[in-house]
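Notes for the structure review
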Amino acid sequence: CYYPSQTGPVHPSLKFDLFGQQLAACHRRGIKVPAYITCVWDDHVGKLHPEWLQVDRQGRPRRPDYFAEHYGGWHSLCLNSPYVDYVEAIAREVATNYEIDGVFYDIVWHYPPGCYCRYCLESMAQEGLRPESEADVARMTELIVDRFMARMSKAIWDRRPEATVFYNGIGPAGEPSVAHAPVATAEAPRPRRHR
(Lines give C-alpha, C1' and ligand atoms only; values in the text may rest on other atoms or scores of the structure.)
Protein backbone atom coordinates (compact mmCIF):
# COMPACT_ATOMS: atom_id res chain seq x y z
CA CYS A 1 0.00 0.00 0.00
CA TYR A 2 1.19 3.50 -0.80
CA TYR A 3 -0.71 5.06 2.10
CA PRO A 4 -0.71 4.37 5.86
CA SER A 5 -2.95 1.30 5.68
CA GLN A 6 -4.29 -0.46 8.74
CA THR A 7 -5.22 -3.44 6.56
CA GLY A 8 -2.48 -4.24 4.06
CA PRO A 9 1.30 -4.00 4.10
CA VAL A 10 2.70 -0.51 3.55
CA HIS A 11 5.67 -0.16 1.20
CA PRO A 12 8.67 -0.59 3.55
CA SER A 13 10.48 2.54 2.33
CA LEU A 14 7.43 4.79 2.40
CA LYS A 15 7.43 7.32 5.26
CA PHE A 16 4.49 9.50 4.16
CA ASP A 17 1.04 9.20 2.59
CA LEU A 18 2.02 9.06 -1.09
CA PHE A 19 -1.46 8.23 -2.37
CA GLY A 20 -3.10 10.94 -0.26
CA GLN A 21 -0.66 13.58 -1.49
CA GLN A 22 -1.02 12.51 -5.12
CA LEU A 23 -4.80 12.56 -4.81
CA ALA A 24 -4.78 16.06 -3.27
CA ALA A 25 -2.37 17.40 -5.93
CA CYS A 26 -4.51 16.04 -8.76
CA HIS A 27 -7.76 17.33 -7.25
CA ARG A 28 -6.25 20.82 -6.90
CA ARG A 29 -5.76 20.73 -10.68
CA GLY A 30 -9.20 19.34 -11.44
CA ILE A 31 -7.91 15.86 -12.29
CA LYS A 32 -10.08 12.93 -11.24
CA VAL A 33 -8.28 10.05 -9.54
CA PRO A 34 -9.33 6.41 -9.33
CA ALA A 35 -7.65 4.19 -6.77
CA TYR A 36 -5.88 1.13 -8.17
CA ILE A 37 -6.51 -2.12 -6.30
CA THR A 38 -4.79 -5.23 -7.55
CA CYS A 39 -6.51 -8.58 -7.03
CA VAL A 40 -5.54 -12.25 -7.38
CA TRP A 41 -1.75 -11.80 -7.88
CA ASP A 42 -0.74 -11.17 -4.28
CA ASP A 43 2.48 -12.71 -2.97
CA HIS A 44 2.07 -11.19 0.48
CA VAL A 45 -1.31 -12.82 1.14
CA GLY A 46 -0.40 -15.96 -0.82
CA LYS A 47 2.53 -16.64 1.51
CA LEU A 48 0.42 -15.98 4.61
CA HIS A 49 -2.57 -18.01 3.41
CA PRO A 50 -1.66 -20.77 0.93
CA GLU A 51 -5.09 -22.28 1.61
CA TRP A 52 -6.60 -19.30 -0.31
CA LEU A 53 -4.67 -19.96 -3.53
CA GLN A 54 -6.28 -20.93 -6.83
CA VAL A 55 -5.44 -24.56 -7.53
CA ASP A 56 -5.76 -26.86 -10.51
CA ARG A 57 -7.65 -30.16 -10.62
CA GLN A 58 -4.68 -31.92 -8.94
CA GLY A 59 -4.58 -29.35 -6.12
CA ARG A 60 -1.43 -27.59 -7.39
CA PRO A 61 -1.24 -23.79 -6.97
CA ARG A 62 -1.79 -21.83 -10.17
CA ARG A 63 0.73 -19.17 -11.23
CA PRO A 64 0.93 -16.99 -14.32
CA ASP A 65 3.30 -18.86 -16.67
CA TYR A 66 4.01 -15.82 -18.80
CA PHE A 67 5.77 -14.07 -15.90
CA ALA A 68 7.58 -17.14 -14.57
CA GLU A 69 10.76 -16.54 -16.57
CA HIS A 70 11.37 -13.12 -15.02
CA TYR A 71 9.47 -13.18 -11.74
CA GLY A 72 8.96 -16.83 -10.90
CA GLY A 73 5.23 -16.23 -11.15
CA TRP A 74 3.09 -14.61 -8.50
CA HIS A 75 0.81 -16.35 -6.07
CA SER A 76 -2.73 -16.33 -7.46
CA LEU A 77 -5.49 -15.99 -4.88
CA CYS A 78 -9.00 -17.41 -5.29
CA LEU A 79 -11.86 -14.91 -5.57
CA ASN A 80 -14.11 -17.39 -3.76
CA SER A 81 -11.94 -17.72 -0.64
CA PRO A 82 -11.64 -15.55 2.48
CA TYR A 83 -9.14 -13.52 0.43
CA VAL A 84 -12.19 -11.58 -0.76
CA ASP A 85 -12.70 -10.27 2.80
CA TYR A 86 -9.18 -8.85 2.66
CA VAL A 87 -9.71 -7.15 -0.72
CA GLU A 88 -13.01 -5.70 0.51
CA ALA A 89 -11.32 -4.35 3.66
CA ILE A 90 -8.70 -2.59 1.48
CA ALA A 91 -11.45 -1.15 -0.76
CA ARG A 92 -13.51 0.09 2.18
CA GLU A 93 -10.42 1.59 3.83
CA VAL A 94 -9.52 3.54 0.68
CA ALA A 95 -13.11 4.66 0.00
CA THR A 96 -13.55 5.75 3.62
CA ASN A 97 -10.26 7.62 4.03
CA TYR A 98 -9.92 9.25 0.60
CA GLU A 99 -12.17 11.25 -1.72
CA ILE A 100 -11.50 8.95 -4.64
CA ASP A 101 -13.31 9.43 -7.94
CA GLY A 102 -13.36 5.74 -8.78
CA VAL A 103 -11.62 2.39 -8.47
CA PHE A 104 -9.78 0.27 -11.01
CA TYR A 105 -9.77 -3.35 -9.80
CA ASP A 106 -7.06 -5.18 -11.71
CA ILE A 107 -6.48 -8.88 -12.40
CA VAL A 108 -10.03 -10.01 -11.68
CA TRP A 109 -10.00 -13.53 -13.07
CA HIS A 110 -9.54 -17.23 -12.46
CA TYR A 111 -7.39 -19.56 -14.52
CA PRO A 112 -9.56 -21.37 -17.07
CA PRO A 113 -11.68 -23.28 -16.69
CA GLY A 114 -11.65 -22.32 -12.98
CA CYS A 115 -10.38 -23.07 -9.52
CA TYR A 116 -10.62 -26.40 -7.72
CA CYS A 117 -9.85 -25.22 -4.18
CA ARG A 118 -12.07 -26.41 -1.34
CA TYR A 119 -14.09 -23.18 -1.40
CA CYS A 120 -14.84 -23.55 -5.10
CA LEU A 121 -15.67 -27.25 -4.77
CA GLU A 122 -18.06 -26.44 -1.90
CA SER A 123 -19.70 -23.70 -3.97
CA MET A 124 -20.06 -26.04 -6.94
CA ALA A 125 -21.80 -28.60 -4.75
CA GLN A 126 -24.19 -25.91 -3.46
CA GLU A 127 -24.97 -24.83 -7.04
CA GLY A 128 -25.46 -28.41 -8.26
CA LEU A 129 -22.44 -28.16 -10.55
CA ARG A 130 -19.98 -30.99 -11.23
CA PRO A 131 -16.21 -30.48 -10.88
CA GLU A 132 -15.54 -33.19 -13.47
CA SER A 133 -17.32 -31.02 -16.08
CA GLU A 134 -15.16 -28.18 -17.44
CA ALA A 135 -18.34 -26.40 -18.54
CA ASP A 136 -19.65 -26.52 -14.97
CA VAL A 137 -16.32 -25.31 -13.59
CA ALA A 138 -16.39 -22.42 -16.08
CA ARG A 139 -19.98 -21.61 -15.06
CA MET A 140 -18.91 -21.54 -11.41
CA THR A 141 -16.08 -19.19 -12.34
CA GLU A 142 -18.60 -16.80 -13.91
CA LEU A 143 -20.73 -16.89 -10.76
CA ILE A 144 -17.68 -16.31 -8.56
CA VAL A 145 -16.51 -13.33 -10.59
CA ASP A 146 -20.03 -11.86 -10.75
CA ARG A 147 -20.37 -12.13 -6.97
CA PHE A 148 -16.93 -10.67 -6.41
CA MET A 149 -17.68 -7.66 -8.63
CA ALA A 150 -21.04 -7.03 -6.96
CA ARG A 151 -19.44 -7.14 -3.52
CA MET A 152 -16.49 -4.91 -4.44
CA SER A 153 -18.76 -2.37 -6.14
CA LYS A 154 -20.92 -2.22 -3.01
CA ALA A 155 -17.81 -1.70 -0.87
CA ILE A 156 -17.07 1.45 -2.87
CA TRP A 157 -20.61 2.70 -3.53
CA ASP A 158 -21.62 2.43 0.14
CA ARG A 159 -19.13 5.24 0.79
CA ARG A 160 -18.69 6.91 -2.63
CA PRO A 161 -21.92 6.44 -4.65
CA GLU A 162 -20.63 8.81 -7.34
CA ALA A 163 -17.44 6.80 -7.90
CA THR A 164 -16.83 4.83 -11.09
CA VAL A 165 -15.83 1.18 -10.81
CA PHE A 166 -13.94 -0.83 -13.42
CA TYR A 167 -12.88 -4.50 -13.43
CA ASN A 168 -9.97 -5.61 -15.57
CA GLY A 169 -9.32 -9.27 -16.36
CA ILE A 170 -7.38 -11.41 -18.80
CA GLY A 171 -8.76 -14.38 -20.70
CA PRO A 172 -6.91 -17.51 -21.81
CA ALA A 173 -5.69 -16.04 -25.10
CA GLY A 174 -5.27 -12.46 -23.92
CA GLU A 175 -8.84 -11.48 -24.80
CA PRO A 176 -11.00 -9.67 -22.23
CA SER A 177 -12.20 -12.21 -19.70
CA VAL A 178 -15.60 -12.61 -18.12
CA ALA A 179 -14.35 -10.13 -15.51
CA HIS A 180 -13.69 -7.36 -18.02
CA ALA A 181 -16.52 -4.93 -17.28
CA PRO A 182 -17.31 -1.42 -18.49
CA VAL A 183 -17.03 1.57 -16.22
CA ALA A 184 -20.16 1.96 -14.11
CA THR A 185 -21.50 4.13 -11.33
CA ALA A 186 -23.95 3.28 -8.57
CA GLU A 187 -26.64 5.37 -10.29
CA ALA A 188 -26.05 3.92 -13.75
CA PRO A 189 -24.52 0.45 -13.62
CA ARG A 190 -23.90 -0.86 -17.11
CA PRO A 191 -24.52 -4.50 -18.03
CA ARG A 192 -21.50 -6.71 -18.73
CA ARG A 193 -21.13 -8.88 -21.77
CA HIS A 194 -20.66 -12.57 -21.08
CA ARG A 195 -18.62 -14.81 -23.35
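For the protein, the helix and strand inventory stands at 6 helices and 4 strands. Moving toward the C terminus, one meets the helices and strands of the protein in the order α-β-α-α-α-β-α-α-β-β. Of all 195 residues assigned to the protein, the portion counted as buried reaches 47%. The long-range fraction of contacts in the protein, counting pairs at least 24 apart against all pairs at least 6 apart in sequence, stands at 64%. Just so you have it, the protein exposes about 10400 Å², and 54% of that area is on carbon and sulfur atoms.

Our next topic: the side chain of Q54. Relative to the helices and strands, Q54 is located in the loop between α2 (43-48) and α3 (65-71). Polar contacts involving the side chain of Q54 include one to the main-chain amide nitrogen of Y111, which spans 3.0 Å. Here Q54 is in contact with V40, R60, P61, R62, S76, L77, C78, W109, H110, Y111 and C115, once residues within four sequence places are set aside.

Here we come to the pattern of salt bridges. Oppositely charged side chains may form a pair once their charged atoms are brought near each other. In the structure shown here, the tally under the stated rule is 10 salt bridges. When the shortest N-O distance is used, the salt bridge between D158 and R92 registers 3.3 Å. Residue D158 is found in the loop between α6 (134-157) and β3 (164-167), and its partner R92 is found in helix α4 (residues 83-97); the two are separated by 66 residues along the sequence. R139 is the partner of E142 in a salt bridge, and the nearest nitrogen-oxygen pair spans 3.3 Å. Taken together, the residues span about one helical turn, with E142 and R139 both in helix α6 at a distance of 3 residues. Residue R139 is classed as partly exposed on the basis of its relative accessible area of 38%. Connected through salt bridges with shared partners, the residues D85, E88, R92, R151, K154 and D158 form a single ionic network.

Basis of the calculations
- Residues numbered from 1 in each chain as written.
- Predicted model: local features only at pLDDT ≥ 70, side-chain atom pairs only at ≥ 80, totals over all residues.
- Heavy atoms only, no water.
- Helix = DSSP H or I, 4+ residues; strand = E, 2+ residues; numbered from the N terminus.
- Buried < 20%, exposed > 50% of the residue type's maximum accessible area, 1.4 Å probe, protein only.
- Contact = heavy atoms within 4.5 Å.
- Areas by Shrake-Rupley, 256 points an atom, 1.4 Å probe, with all protein chains shown as cover.
- Polar contact = N/O pair within 3.5 Å; in protein donor to acceptor, adjacent residues only side chain to side chain.
- Salt bridge = Lys/Arg side-chain N within 4 Å of Asp/Glu carboxyl O.

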